[in-house]
Amino acid sequence: MKRLLFTTMLLATPAMADLEGDGHMMDWGFGHGVTMVFGPVLWLIVLGVVVVGVLWFVRKNELGGASKGHQASLAELDMRLARGEIEPEEYAARKKLLAG
């Protein structure tokens, strides 16, 4: 008998949350008004953070690639001087040009 009473109370608890039958749980009475206003605002903020993060990541990688390209150019210029393909004056001029 006790088990039946416990099971009945356990299953009836959600139905007992709205005793007056007005459709509002815990008698708040204002429904979804607050979440309908701030929900879309929250999603716009989240979307903005994601877009800014993606843009930051892409720009960071582009700058890193440019730096690697600059270092590779200087290394190639150093190798050409070491092999004797260019004169020291031309090396200095090209290095100055690469340095910007």
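Residues numbered from 1 in each chain as written. Predicted model: local features only at pLDDT ≥ 70, side-chain atom pairs only at ≥ 80, totals over all residues. Heavy atoms only, no water.

**Overview of the overall build of the chain**
Helix and strand content of the chain: three helices and zero strands. Per-residue burial for the chain yields a buried fraction of 3% across its 100 residues. On the chain, roughly 9100 Å² of surface is accessible, and the fraction owed to carbon and sulfur atoms is 71%. (Helix = DSSP H or I, 4+ residues; strand = E, 2+ residues; numbered from the N terminus. Buried < 20%, exposed > 50% of the residue type's maximum accessible area, 1.4 Å probe, protein only. Areas by Shrake-Rupley, 256 points an atom, 1.4 Å probe, with all protein chains shown as cover.)

**Considerations on the pattern of salt bridges**
Per the stated rule, a full pass over the model turns up four salt bridges. For Glu 76, the salt bridge goes to Arg 83, with nearest N and O atoms at 3.4 Å. On the accessibility criterion, Arg 83 (47% relative accessible area) is partly exposed. A salt bridge links Glu 85 to Arg 80; the nearest nitrogen and oxygen atoms lie 3.3 Å apart. The exposure class assigned to Glu 85 is partly exposed, which follows from its relative accessible area of 48%. Judged by its relative accessible area of 24%, Arg 80 is partly exposed. Three or more residues are tied together by salt bridges with common partners; here these are Glu 76, Arg 80, Arg 83 and Glu 85. (Salt bridge = Lys/Arg side-chain N within 4 Å of Asp/Glu carboxyl O.)

**Digging into the confidence of the model for the chain**
With 57% of its residues at a pLDDT of 70 or more, the chain shows a mean pLDDT of 76. The secondary structure element of the chain with the lowest average pLDDT is helix H1 (residues 2-16), at 58, and the one with the highest is helix H3 (residues 88-99), at 88. (pLDDT = per-residue confidence, 0-100.)

**Details of the environment of Leu 81**
Mapping Leu 81 onto the fold places it in helix H2 (residues 33-83). A relative accessible area of 29% places Leu 81 in the partly exposed class. Taking the C-alpha atoms as reference, Leu 81 lies 6.7 Å from Tyr 91; in sequence the two are ten residues apart. Excluding its chain neighbours within four sequence positions, the residues that come into contact with Leu 81 are Ile 86, Glu 87, Pro 88 and Tyr 91. (Contact = heavy atoms within 4.5 Å.)

**Observations regarding a nonpolar patch on the surface**
A grouping of Leu 42, Trp 43, Val 46, Val 50, Val 54, Trp 56, Phe 57 and Val 58 is seen on the molecular surface, where their side chains present a nonpolar patch of about 850 Å² in accessible area. Its place among the elements puts Phe 57 in helix H2. (Patch = residues over 30% accessible without salt bridge, like charges linked within 9 Å, V, L, I, M, F, W, Y side chains within 5 Å.)

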